[in-house]
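Okay, here's what each chain looks like letter by letter:
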There are 2 protein chains.
Amino acid sequence: MAYFDSASSAPLHPVAHEALRAALDDGWADPARLYREGRRARLLLDAAREAAAEAVGCRPDELFFTPSGTYAVHSGMAGSLAGRRRVGAHVVVSAVEHSSVLHAAHSRVGEGDGPAVTEVPVDRTGAVSPQTYAAALRPDTALACLQSANHEVGTVQPVGAVAEACRAAGVPLLVDAAQSLGWGPVDGAWSLLTASAHKWGGPAGVGLLAVRKGVRFAPQGPVDERESGRVPGFGNLPAIVAAAASLRAVRSEAEREAARLRVLVDRIRARVPELVPDVEVVGDPVRRLPHLVTFSCLYVDGETLLHELDRAEFSVSSGSSCTSSTLTPSHVLRAMGVLSEGNVRISLPSGTEEAEVERFLEVLPGVVAGVRARLGVPAAAREGGATAPDAAASLVVDALGKLCPIPVIELAKVIGDVPVGGTVTVLSDDEAARLDIPAWCEMRGHEYGGRNGTAFLVRRLA
Amino acid sequence: MAYFDSASSAPLHPVAHEALRAALDDGWADPARLYREGRRARLLLDAAREAAAEAVGCRPDELFFTPSGTYAVHSGMAGSLAGRRRVGAHVVVSAVEHSSVLHAAHSRVGEGDGPAVTEVPVDRTGAVSPQTYAAALRPDTALACLQSANHEVGTVQPVGAVAEACRAAGVPLLVDAAQSLGWGPVDGAWSLLTASAHKWGGPAGVGLLAVRKGVRFAPQGPVDERESGRVPGFGNLPAIVAAAASLRAVRSEAEREAARLRVLVDRIRARVPELVPDVEVVGDPVRRLPHLVTFSCLYVDGETLLHELDRAEFSVSSGSSCTSSTLTPSHVLRAMGVLSEGNVRISLPSGTEEAEVERFLEVLPGVVAGVRARLGVPAAAREGGATAPDAAASLVVDALGKLCPIPVIELAKVIGDVPVGGTVTVLSDDEAARLDIPAWCEMRGHEYGGRNGTAFLVRRLA
């Protein structure tokens, strides 16, 4: 088996395993108690907090342990927004934040005088522009949020420059560092930072919330005396100890491991388009996480692709609509305006061997070809080809009720049937078509003429 | 070492240890993913949910895993209150609920049209009366909460009768079963139930929230697709697996172990007042948790007592004011109207040996006597004694600025200096005095004449 989905959850690091085992024996008691089991637990908790704070780059009394990264995001945003209530209720986020950030931002809209949300757009690589981000800050902006690096395409965000803009505007910046904290600290003058241990090989059940001194913060909901009144409930101490120990361990290996995985990912980025026709590799090729790469395959349905890769013993994830419960493509791919069909995200865990990546590159072309063949995608259709002399100048393809990737396949099948300059109108009520028909036009060199309800207009240019 | 504080947190059960170890290898992946590591995690999660639901006595789709018992209480109360917003915002709780319930109830007061809270009083054993509880239900009551058993004194609450009253009034009842779920299911027609794994020997980081089908429930705060939209964030699957496995294990041992510990606790209840003068054993002697007993020692300061017992290798907790960060006595003891000074809670973990209890009974009298001697409590003062013929009919004792147990000790020292029928006025600004001076009067057979500001009036009767 090759598990290539560490961005979703990483297997437990051996150091985490060892620390957890030890802390289960020594750290099960309540660290607030005065007897020796409690004092022992308190020592473990204090040491874990110091280690985690050092890795984050903050003071121990600025760092709080939460039950998950999502909890850290939700409580960090809620506390920060409440602390700045007098300033206003406007929130700025990038359009490609993790769903926990977007949920927290949007869940408040409409709640009394809850905040309006500005989603800063990204370019085709998935990055925000610091200028665009700065322009979104308003006098009533209570909080700005920006991920350190994107979880679906690996693009690193310009956090330092955005932090400067936020500082100039007097707006606190919350950085979701879930994908990058194992690789290194987040530079720049952030105000709040969140992370999740199971992303770096720590155990599930531990998130981090750092709140810089001086940042206005009013914890929301009922609290108790735990975590300085920031996070109520009995803490998960053995897991916290393991999280801190493994963060320290992965950091000590980070430079070497990042260089090694970066080479493997570069190889995937270069080879996949050579080996598989009609593939778009997305995300920034340089300013990116070392271990993560995403590509999309035209005329392929993501769920089947994942299933076939799983049969071939590769575990990967996908942002295709067919792999989501809502049948909508990933909001990240949508914000980037890139193809979503046949989408594959590969995130290599630490220790991934070169041979596993080579085997993936051997297996992938056959798997994609197999899926395409079963969907009835003729090679010729994908090429356009010569047009019959008596071809109609416009055609209509009815793909209503058909899901991704069928509307795009039907379009590709007939584009050669209209002359250059002619048009194909695709009727589709599939959510993914809104993203994938324009992306297909971009990839194939045709003109996308826009959408009118369920009708997508495409003009053949080549 | 003898750890006698399982009501605070129990050491990990061997079955939990074993299950956790296995699940760390098999259950680290995201159970929402389609590849085999994800499917394996999903199977583990489903099996854990079924096992926990069976132990709780509900359907698997009525049971949700949370990051702690406190989280289960907070989110269960918030969701239930929001779901019944149209009915009203009034909450009924007992006065001796766990602080998480009281915090959640009171934290909403004043928030817009937030709920008023009725705290149902308890008798001297710590139990609510079903009639009194029923009388507190109003047409605008959105939620009623009652613990299955008290965490500080072990008294079992009449949940079945209260549940009937709630059902008759159409009010959902949330039962906090944190202290009792390891011993058995909660009888009665409850609507919501909460519990915490580390109380039964499961790992920290796992709470349970059961919400019966048909109960109106609107999850609060941002949600995601986890736990049917009830609990956002990546779940702590290995700990969940361990929690469910250990719940099943402790249940299979519960009947035998309860009978065994009940005998040991009965011995403590009977022997401590014989061995130590001026002790009040509190809580219901019969309708109680099998493993928990609490007593208070006159003229003793709880913090020193805990410290001395720790030196003697016994780990216990206390509801005395001096052991709390706020220097107020336990709200449970206060609601019961019983003595809070020198308070000791003993909660025996499963497997506690008879010899450990015997050693405790050997050690305790000397420890208490030592603390009393250091506080300068003369044995004669504790007895009252004959009065001089020329004694003043009233005395004033100035204990302002003195903390528990000094005001009561000063009172005891001079009560023999006034004749029977005479009065002592104690000046005290200590929070604990409000509870402990009346409790002392009750124990010593004197008349408590009430309080006027910082002046407490006591009339000698014996």
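Fair warning: this is a prediction, and the values are worked out from it, not measured in the lab.

## As for the nonpolar core
So, step 1. A:Y133, A:L173, B:Y133 and B:L173 are the most contacted members of the largest nonpolar core, which totals 122 residues.
So, step 2. Ignoring anything within four residues of it in the chain, the contact list for A:Y133 reads A:V92, A:V93, A:S94, A:V120, A:V128, A:A144, A:C145, A:L146, A:V162, A:C166 and A:L173.
So, step 3. Of all hydrophobic cores here, the second largest spans 45 residues; its members include A:L102, A:F217, B:V93 and B:L209.

## Details of the interface of chain B and chain A
So, step 1. Counting residues at the interface gives 49 residues for chain B and 49 residues for chain A.
So, step 2. Both faces combined, the contact of chain B with chain A buries some 4000 Å², and carbon together with sulfur accounts for 60% of it.
So, step 3. Looking at the side of chain B facing chain A, the largest losses of area belong to B:W28, B:Y35 and B:F234, adding up to 15% of the total buried there.
So, step 4. Our count for the chain B to chain A interface comes out at eight salt bridges.
So, step 5. Ionic pairing is found between B:R36 and A:D310, a salt bridge with its closest N-O pair at 3.6 Å.
So, step 6. The interface formed by chain B and chain A holds 18 residue pairs in polar contact (both at pLDDT 80 or more) in total.
So, step 7. Breaking the side of chain B that touches chain A down by element, the ones donating at least two residues are α1 (14-26), α2 (36-56), α3 (69-83), α4 (99-107) and α8 (302-311) of chain B.
So, step 8. Considering each element in turn, the side of chain B that touches chain A owes the most residues, five residues, to α1(B).
So, step 9. Class assignment for the residues of the side of chain B that touches chain A results in 20 nonpolar, 15 polar and 14 charged.

## Observations regarding the sheet that holds strand β14 (residues 423-427) of chain A
Residues and elements named next belong to chain A.
So, step 1. Taking strand neighbours across the sheet as the criterion, the four strands line up as β13-β14-β16-β15 in an open arrangement whose pairing is mixed. With one partner strand each, in any of the chains shown, β13 (394-398) and β15 (447-452) form the two edges of the open sheet. Each adjacent strand pair in this sheet contributes to an overall mean axis angle of 20°, direction not counted.
So, step 2. Pairing of β13 with β14 involves five bridges; the strand directions are parallel. Within β14, the residue paired with V396 across the bridge is T425.
So, step 3. Helix α11 (residues 406-415) contacts β13, β14 and β16 (455-459) of the sheet and is inclined by roughly 160° relative to β14.
So, step 4. Relative to the sheet, helix α12 (residues 433-444) contacts β14, β15 and β16, its axis offset from that of β16 by approximately 5°.

## Quick word on the relation of the copies chain B and chain A
So, step 1. Overlay of chain B on chain A (RMSD 0.1 Å): rotation 180°, translation along the axis 0.0 Å. On this basis, the relationship between the two copies can be described by a two-fold rotation axis. Closest approach to the rotation axis among the C-alpha atoms of chain B is made by B:P67, whose C-alpha sits 2.9 Å away.

## Things to note about the domain arrangement of chain A
Residues and elements named next belong to chain A.
So, step 1. The domains assigned to chain A are domain 1 (9-250), domain 2 (254-374) and domain 3 (381-459).
So, step 2. Between the C-alpha centres of domain 1 and domain 2 the distance comes to 28 Å.
So, step 3. Contact with domain 1, which involves 26 residues of that partner, is made by 26 residues of domain 2.
So, step 4. Summing the contributions of domain 1 and of domain 2, the shared interface buries around 2000 Å²; its carbon and sulfur component is 59%.
So, step 5. Contact with domain 2 buries surface across domain 1, with R124, E152 and W183 losing the most and accounting together for 38% of the total.
So, step 6. For the pair domain 1 and domain 2, the number of links is one salt bridge.

## Remarks on the sheet that holds strand β3 (residues 90-94) of chain A
All names here are of chain A.
So, step 1. Strand order in the open sheet made by the seven strands is β2-β8-β7-β6-β5-β3-β4, with mixed pairing throughout. At either margin of the open sheet sits one strand with a lone partner, and together these are β2 (63-66) and β4 (117-120). Pairs of neighbouring strands in the sheet enclose a mean axial angle of 20°, with direction left out of account.
So, step 2. Where β3 lies against strand β5 (residues 141-147), four bridges are found, and the strand directions are parallel. In the strand pairing of β5, H90 is matched with T141.
So, step 3. Here helix α3 (residues 69-83) sits on the sheet and contacts β2, β3, β5, β6 (173-176), β7 (192-196) and β8 (207-211); the angle it forms with β7, its principal contact strand, is near 165°.
So, step 4. Contacts from helix α4 (residues 99-107) reach β3, β4, β5 and β6, with the element oriented near 155° to β3.

## Here we look at the environment of A:D278
Residue and element names in this part refer to chain A.
So, step 1. On the secondary structure map, D278 appears in the loop between α7 (237-275) and β9 (279-282).
So, step 2. Put simply, D278 and V117 are 161 residues apart on the chain and 37 Å apart in space, counted from C-alpha to C-alpha.
So, step 3. There is a polar contact of 2.6 Å between the side chain of D278 and the side chain of R444.

## Overview of the environment of B:R262
So, step 1. Summarising the element assignment, B:R262 is placed in helix α7 (residues 237-275).
So, step 2. Sequence separation between B:R262 and B:F64 is 198 residues, and the spatial gap between their C-alpha atoms is 32 Å.

## A word on the side chain of B:Q179
All names here are of chain B.
So, step 1. For Q179, the position within the fold is in the loop between β6 (173-176) and β7 (192-196).
So, step 2. A distance of 3.1 Å separates a polar atom in the side chain of Q179 from the backbone oxygen of A7.
So, step 3. Residues contacting Q179, with those up to four places away along its chain left out, are A7, A149, N150, H151, K199, L289 and H291.

## Details of the packing of α3(A) against α4(A)
All names here are of chain A.
So, step 1. Packing of α3 against α4 leaves a shortest axis separation of 9 Å and a crossing angle of 30°. Classified by the angle their axes make, α3 and α4 are roughly parallel. For the element pair α3 and α4, the recorded crossing hand is right-handed. When α3 is examined against α4, the residues T70, V73, H74 and M77 are found in contact with a partner set consisting of S100, V101, A104 and A105.
So, step 2. In terms of residue class, the contact of α3 with α4 is made up of five nonpolar, three polar and no charged.

## Thoughts on the UniProt feature "coiled-coil region" (unreviewed entry) in chain A
So, step 1. The UniProt record annotates "coiled-coil region" (unreviewed entry) at residues 244-271 of chain A.
So, step 2. The span residues 244-271 of chain A shows a helical share of 100% and a strand share of 0%, and its end C-alpha atoms are spaced 37 Å apart.

## Examining the packing of aromatic side chains
Two numbers describe a pair of aromatic rings. These are the distance of the centres and the angle of the planes.
So, step 1. Scanning the model with the defined rule gives 11 aromatic pairs over all chains in all.
So, step 2. Here A:Y71 and B:Y71 contribute two aromatic rings whose centre-to-centre distance is 6.0 Å and whose plane-to-plane angle is 50°, an arrangement assigned as tilted. One end of the pair, A:Y71, is in helix α3; the other, B:Y71, is in helix α3, on a second chain. As far as burial versus exposure is concerned, A:Y71 and B:Y71 are alike and both buried.
So, step 3. Measuring from ring centre to ring centre gives 6.0 Å for B:F4 and B:F360, while their planes differ by 65°; the resulting arrangement is edge-to-face. On the criterion of sequence distance, the pair formed by B:F4 in the loop between β1 (2-3) and α1 and B:F360 in helix α10 (residues 354-374) is long-range, its members being 356 residues apart.
So, step 4. The exposure class of B:F360 is buried, given its relative accessible area of 0%.
So, step 5. Members of the aromatic cluster, joined through ring pairs, are A:Y3, B:W28 and B:Y35.
So, step 6. It is A:R212 that lies over the ring of A:W190; its NZ or CZ is 3.9 Å from the centre.

## A short note on the pairing of strand β12 (residues 343-347) of chain A
All names here are of chain A.
So, step 1. Burial runs high along β12: five of the five residues are buried.
So, step 2. Burial along β12 is two-sided: N343, R345 and S347 facing one way and V344 and I346 facing the other are all buried.
So, step 3. Alignment of strand β10 (residues 292-297) against β12, held across five bridges, turns out to be antiparallel. Paired with L292 across the two strands is S347, which belongs to β12.

Thresholds applied
Residues numbered from 1 in each chain as written. Chains lettered and ligands numbered in written order. Predicted model: local features only at pLDDT ≥ 70, side-chain atom pairs only at ≥ 80, totals over all residues. Heavy atoms only, no water. Core = buried A, V, L, I, M, F, W, Y, C linked by side-chain atoms within 4.5 Å. Buried < 20%, exposed > 50% of the residue type's maximum accessible area, 1.4 Å probe, protein only. Contact = heavy atoms within 4.5 Å. Buried area = accessible area lost by both parts, 1.4 Å probe. Salt bridge = Lys/Arg side-chain N within 4 Å of Asp/Glu carboxyl O. Polar contact = N/O pair within 3.5 Å; in protein donor to acceptor, adjacent residues only side chain to side chain. Helix = DSSP H or I, 4+ residues; strand = E, 2+ residues; numbered from the N terminus. Nonpolar A, V, L, I, M, F, W, Y, C, P; charged D, E, K, R; others polar. Pairing = 2+ DSSP bridges. Axes fitted to C-alpha atoms, helices over the stretch in contact; angles between N-to-C directions. Least-squares fit on C-alpha atoms with pLDDT ≥ 70 in both. Domains from an automatic or database assignment. Parallel < 35°, antiparallel > 145°, perpendicular 65-115°, else oblique. Left-handed = near helix turned anticlockwise from the far one by under 90°. UniProt positions renumbered as here; feature names shortened; annotations may be inferred. Phe/Tyr/Trp six-rings, centres within 6.5 Å; stacked < 30°, edge-to-face > 60°. Lys NZ or Arg CZ within 6 Å of the ring centre and 35° of its normal.

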